[in-house]
Amino acid sequence: MSVLESIKEKAKTNKRRIVLAEGTEKRTLKAAESILKEGIAELIMLGDEGEFKKTAPSSVLDGVKFTDPSNSPDTEILAQELYELRKNKGITIEKARQLVLDPLYYGVMLVKTGQADGMVAGAVHSTPDVLRPALQIIKTAPGIALVSGCFLIEVPNSSYGYDGVFIFADCGVNPNPNAEELAHIAVTSANTFKNLIGAEPRVAMLSFSTKGSAQHELVDKVVQATQIAKQLAPDIALDGELQVDAALVESVAELKAPGSPVGGKANVLIFPDLQAGNIGYKLVERLASATAVGPICQGIAKPVNDLSRGCKPENIVDAVAITAVQSM
């Protein structure tokens, strides 16, 4: 069973209510059919009611809760809730009423108020548009400084990682995190691995240096991030700075990082910046014929996941399954 199949099976055991904010978009409707058929989650779909009734397949019409923010009796209630949450930031009730007409804000408010367990969007909206209401309303998880993006990587026929399964981060959000931000990315990535995979994370803080083999300010950042991450989460198996071969290959780790709790056994790879992370996951995806799922948003207090605007219906199904498991 692939890791995605395992995540879907986990989602089915405890069905969560997931908002699809782009409820009339054709790929989203196609995905909704599959989600309902497979029993992955309960769905709340948002958008124009007339468009939904005109375009949605009968199985989706009958199987989901559909809400049109422009005429829902809950819209005013959510506007009042939003006003109370943001009035100290200068929002007016009139502005709150305007914002909740946007399905992205409406959906996030459903998650915030507990009427839904998570939200997926981004098929027709940009990443900033999707994340902005989540950061304003749900905010980051307690003790976590920032939101980051990871990829779930599954390498076929590989003995590295957790039977070829890894989390790579940050590959999608933060271009050049400082040492403290990198530490928070490491901690949230470890939690993501444990939550999605159900196994113990082993986190490698990657660099072009292993344990002082090179001296440079870029190495210093990773060393500092490792120290901070250990203070934030002392129970996590985490080590750095490590070159990627020392993180993955036991024989190399014995030479370069003897005694490391992570060396040769890493399954969570933390890259020093977005360039390295993005290049790294794409290399593995293409050269090793790996499955790369993401970016998965992490660090938000309740899960909100962003899609690529080039996504396929099956990508939306995967994102809903992951969001459901994140919310457990």
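Each residue is numbered by its place in its chain's sequence as written, counting from 1. Predicted model: local features are reported for residues with pLDDT of at least 70 only, side-chain atom pairs are reported and counted for 80 or more only, and whole-chain, interface and lining totals are derived from all residues. To obtain the side-chain values, all non-hydrogen atoms of the structure were used and water was disregarded.

Description of the pattern of salt bridges
Think of a salt bridge as a Lys or Arg side-chain nitrogen and an Asp or Glu carboxyl oxygen that are within 4 Å of each other. Applying the stated rule across the entire model yields 14 salt bridges. Across the salt bridge formed by R97 and E76, the nearest N and O atoms sit 3.0 Å from each other. With R97 in helix α6 (residues 93-99) and E76 in helix α5 (residues 75-86), this residue pair connects regions lying 21 residues apart in the sequence. Relative accessibility decides the category of a residue: with a 1.4 Å probe and only protein chains considered, values under 20% of the type maximum give buried, values over 50% give exposed, and everything between is partly exposed. Judged by its relative accessible area of 36%, R97 falls in the partly exposed class. Taking relative accessible area as the criterion, E76 reaches 34% and is therefore assigned partly exposed. Residue K87 pairs with E84 through a salt bridge whose shortest N-O separation is 2.9 Å. By relative accessible area, which is 37% here, K87 ends up partly exposed. In this structure E84 comes out as partly exposed when scored by relative accessible area, which is 45%. What you see here is one network of salt bridges that share partners, running through R16, R17 and D117. Only DSSP runs of H or I with at least four residues qualify as helices, and only runs of E with at least two residues qualify as strands; both kinds are numbered from the N terminus onward.

Section: a nonpolar patch on the surface
Within the patch definition used here, like charges are joined within 9 Å and nonpolar side chains (Val, Leu, Ile, Met, Phe, Trp, Tyr) within 5 Å, considering only residues with over 30% relative accessible area and no salt bridge. Values of accessible area rely on a 1.4 Å probe in the Shrake-Rupley scheme; residue burial ignores everything except the protein chains shown. On the surface, a cluster of nonpolar side chains totalling about 330 Å² of accessible area is made up of I279, L283 and L287. With respect to the helices and strands, the residue I279 is situated in helix α13 (residues 274-287).

Notes on the nonpolar core
The biggest cluster of nonpolar side chains holds 61 residues, and the ones touching the most others in it are L43, M45, L152, V203, M205, I270 and V320. If one sorts the elements of this core by residue count, helix α9 (residues 179-197) sits on top with 10 residues. Note on definitions: a residue-residue contact is assigned when non-hydrogen atoms from the two residues lie within 4.5 Å. Ignoring any residue separated from it by four or fewer positions in sequence, one finds V203 in contact with A186, A190, I236, A237, L238, D239, V262, V268 and I270. For the purposes of this section, nonpolar cores are sets of buried Ala, Val, Leu, Ile, Met, Phe, Trp, Tyr and Cys residues that join through side-chain atoms within 4.5 Å. The next biggest cluster of nonpolar side chains, apart from the first, holds 31 residues, and it includes L46, L104, V108 and C297.

Structural notes on unusual backbone geometry
The peptide bond linking A169 to D170 adopts the cis configuration, its omega dihedral lying at -15°. Among the secondary structure elements, D170 is positioned in the loop between β6 (165-169) and α9. In the segment running from G240 into E241, the intervening peptide bond is cis, with an omega of -5°. Relative to the helices and strands, E241 is located in strand β8 (residues 237-242). Positive phi values are uncommon outside glycine, yet D163 reaches one of about 50°. Mapping D163 onto the fold places it in the loop between β5 (148-154) and β6.

Details of the packing of α9 against helix α10 (residues 217-232)
With axes taken as lines fitted to C-alpha atoms, and helix axes fitted only over the stretch in contact, angles between N-to-C directions fall between 0 and 180 degrees. Between α9 and α10, the least distance of the axes is 8 Å, while the angle of their chain directions is 50°. Our classification of the angle between α9 and α10 gives oblique. When you trace α9 past α10, the crossing you get is right-handed. Only K221, V222, Q224, A225, I228, A229 and L232 of α10 make contact with α9, whose side of the interface consists of A179, E180, L182, A183, H184, A186 and V187. With respect to orientation, any angle under 35 degrees is reported as roughly parallel, any angle over 145 as roughly antiparallel, any angle of 65 to 115 as roughly perpendicular, and every other angle as oblique. Each crossing gets its handedness from the near helix: less than a right angle anticlockwise from the far helix is left-handed, clockwise is right-handed.

Re the side chain of T188
Among the secondary structure elements, T188 is positioned in helix α9. Judged by its relative accessible area of 5%, T188 falls in the buried class. Residues adjacent in sequence count toward polar contacts only when both atoms are side-chain atoms; beyond that, a polar contact is any pair of N or O atoms within 3.5 Å, and within protein one must be able to donate a hydrogen and the other to accept it. Of note is the side chain of T188, whose polar atom sits 3.0 Å from the backbone oxygen of H184. Those residues in contact with T188 that sit more than four places away from it in its chain are I144, S148, Q298 and G299.

Some details on the pairing of β6
In terms of burial, β6 is largely enclosed, as five of its five residues are buried. The side-chain alternation of β6 yields two buried faces, one formed by V165, I167 and A169 and the other by F166 and F168. In this analysis, strands are considered paired if DSSP registers two or more bridges between them. Of the pairings in the sheet, the one linking β5 to β6 comprises five bridges and is antiparallel in character. In the strand pairing of β6, L152 is matched with I167. Here three bridges tie β6 to strand β9 (residues 268-270), and the two strands are oriented parallel to one another. Residue pairing in the sheet places F168 in a bridge with L269 of β9.

Regarding the side chain of E25
Along the polypeptide, E25 turns up in the loop between β1 (17-20) and α2 (26-38). Taking the relative accessible area as the measure of exposure, E25 reaches 13% and is therefore buried. Here E25 is in contact with A123 and V124, once residues within four sequence places are set aside.

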